[in-house]
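# Tertiary structure, described
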Amino acid sequence: MASDRNGETTDRAPAEAVGTPAVRFAHESEEEFARILDFYGISWQYEPRTFPLRTDGDKVVEAFTPDFYLPDIDTYIELTTLRQDLMTEKHRKLRTLREIYPGVEVKLLNKRDYLRLLAKYGFGPPSPRSIEGVHRVLVSAPQIRRRVKELGAQITKDYAGRTPVLVGVLKGVACFMADLMRQVSLPVAIDFMAISSFDNVNGGYVRILKDLDESIDGRDVLLVEDIVDTGMTLNHLLTYLRARKPASLKVCTLLDKRARRLVDVPLDYVGFEIPDEFVIGYGLDYGQLYRNLGFIATLKPGWMEEQAAQAK
Ligand code: IMP
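Procedures and definitions
- Residues numbered from 1 in each chain as written.
- Predicted model: local features only at pLDDT ≥ 70, side-chain atom pairs only at ≥ 80, totals over all residues.
- Heavy atoms only, no water.
- Core = buried A, V, L, I, M, F, W, Y, C linked by side-chain atoms within 4.5 Å.
- Buried < 20%, exposed > 50% of the residue type's maximum accessible area, 1.4 Å probe, protein only.
- Helix = DSSP H or I, 4+ residues; strand = E, 2+ residues; numbered from the N terminus.
- Arc of directions from axis to C-beta.
- Contact = heavy atoms within 4.5 Å.
- Near = heavy atom within 4 Å.
- Polar contact = N/O pair within 3.5 Å; in protein donor to acceptor, adjacent residues only side chain to side chain.
- Areas by Shrake-Rupley, 256 points an atom, 1.4 Å probe, with all protein chains shown as cover.
- Nonpolar A, V, L, I, M, F, W, Y, C, P; charged D, E, K, R; others polar.

Counting residues in each nonpolar core, the largest one holds 27 residues, and the members touching the most others are Phe-176 and Leu-255. Ranked by the residues each element gives to this core, the list is headed by helix α5 (residues 141-158), at 4 residues.

Here we come to helix α7 (residues 232-242). Along α7, the residues classified as buried are Leu-234, Leu-237, Leu-238, Tyr-240 and Leu-241. Buried residues of α7, seen end-on, are gathered within an arc of 165° and therefore sit on one face of the element. Residues of α7 that are buried in the fold lie against β8 (165-170), β9 (189-195), β10 (208-210), β11 (220-228) and β12 (248-256).

If you check the shell around the ligand, you find 15 residues, and the closest are Asp-229, Thr-230, Gly-231, Thr-233 and Val-279. In the model, an oxygen atom of the ligand is placed 2.9 Å from a nitrogen or oxygen of the Lys-257 side chain. Contact with the protein chains hides 79% of the accessible area of the ligand, taken as 490 Å² for the molecule alone. Take the shell around the ligand: its biggest share by element is 4 residues, from β11. For the shell around the ligand, the per-class residue count stands at 6 nonpolar, 3 polar and 6 charged.

See below:
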């Protein structure tokens, strides 16, 4: 939190910043703050800029270097303790900085404040229990929002003049479908199917647990999926839907785990290609949990094995 140092300028991609603290922090609280930012997928820079406050000729005699810069919200953050003697000095410097640089947004935060700030910008925080087992955020809530908006715009353009039916497969698609359909500026119908997942006991074939409510004969169908992994589920569904004679049939998936593909399936719209990792959140579950997280994350290494051992 020393404020008069020249720090390194390191713009960090949130996902890769986790667990690889290449930046040398002056204080533990700064490192903790950086970890919270990483967890929520917010990009940050550590001490990227020093603001001269007072000069004597060419010489800078007083300067201020805020701890963090958050490019997504164009805001500098200075972390503080609640020690009154330090606070008074910092407040004085901040007042000067705001006078000299009126366009620069700097926020002074103590620990309670910064959790509130994160909540205000829609990054959480979720309760510790709801994120037990979560390792790191792979796709953050703002990234999802941006991409869903782009997909909605593309679909709107491609289906102009038509009334498509968005078909979702329960339950993983719940969040994506709810957000995507509101980004499509066309008259659309929605319908849902539910299928059994593979079960070792009763044999490995896909069963339809809930069929479409309406006929899709002659309709433009857009199958909306949460994730395509091996492609076997999607392949089965496409065969099933094609037999119902839609005028057209396309696929929109939020996530594509391409590295795991066993069956080649056509994907018309893809939100994000992700690496070969099991992911949860934003509708996706592990043991029916985590669907309510606003972001997509990985599980802690060994978490599944631990849970399976406990269930025995
Ligand atoms: P596929 O048939 O192997 O492509 O699997 C597709 C289905 O498996 C998805 O609709 C999900 O329900 C589930 N699935 C695959 N990968 C994941 C994951 O990483 N997290 C949660 N569910 C997954």
